[in-house]
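# Reading the structure
As a plain string of letters, each chain reads:
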Amino acid sequence: ATANNTSIDIRFTGITDQSNEEARVDDVKVSSWPSNVAFDGFESGDGTGGLGLWNGNWTLSGDYSFDTSGEYEGDYHLRLRSSTGYAQRSANLSGYGAVQLRFWARLNSFDGSETAAVKVSTNGTTWDTLRTFVNGEDDDNYHLYTFDLSSYGSPATFYVAFDANMGDTGDY
């Protein structure tokens, strides 16, 4: 069925300071008005949870953990740390139109050239960076970001990734 108000909601939190640099991800959902197509609030605490049209579990690498402090909603969030924290997952958007990517972000104390990025792909190889968070955007308040993804069509495999690029391997 084609839906006019399909979206992927991601509540992404990046929090850093000089000794504890990290990015946090919480509550990921793909929705088609008025219901969710896929949802994951990380409540499994291990990247295997969620409901709906996900194509498998989260692929996680580098410095990451599931944490229970500072989450946007629920009991858990995914924390990406250092320059190696990375998470990606794909959803099946076949037959859905007017797709949007929406997420909440909260940033605190980015230093120098530290960044956190949100990326998308239709093939898992070629990635488009939708947003790079940089020093100066770190006011420690949540902000909602929305991106029109209609130019990507309705692929059966649509990837979303979060990439932490903060400090060195000692940062967390």
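Residues numbered from 1 in each chain as written. Predicted model: local features only at pLDDT ≥ 70, side-chain atom pairs only at ≥ 80, totals over all residues. Heavy atoms only, no water.

### Topic: the environment of Q88
Inspection of the secondary structure puts Q88 in strand 8 (residues 86-91). Spatially, the C-alpha atoms of Q88 and V120 are 9.1 Å apart, while their sequence positions differ by 32 residues. (Helix = DSSP H or I, 4+ residues; strand = E, 2+ residues; numbered from the N terminus.)

### Structural notes on the pattern of salt bridges
Oppositely charged side chains are able to pair whenever their charged atoms sit close together. Tallied over the full model, the rule gives two salt bridges. Close ionic contact of E137 with R131 constitutes a salt bridge, the shortest N to O distance being 2.0 Å. By relative accessible area, E137 is classed as partly exposed at 22%. The exposure class of R131 is partly exposed, given its relative accessible area of 23%. (Salt bridge = Lys/Arg side-chain N within 4 Å of Asp/Glu carboxyl O. Buried < 20%, exposed > 50% of the residue type's maximum accessible area, 1.4 Å probe, protein only.)

### Remarks on the confidence of the model for the protein
Confidence in the prediction for the protein averages 75 pLDDT; 72% of positions are at 70 or higher. At the low end of the mean pLDDT range in the protein sits strand 1 (residues 6-15), at 40; at the high end sits strand 5 (residues 59-61), at 95. Taken together, the stretch residues 1-19 has pLDDT below 50 and engages in 104 contacts with residues farther than four places along the chain or on a different chain. (pLDDT = per-residue confidence, 0-100. Contact = heavy atoms within 4.5 Å.)

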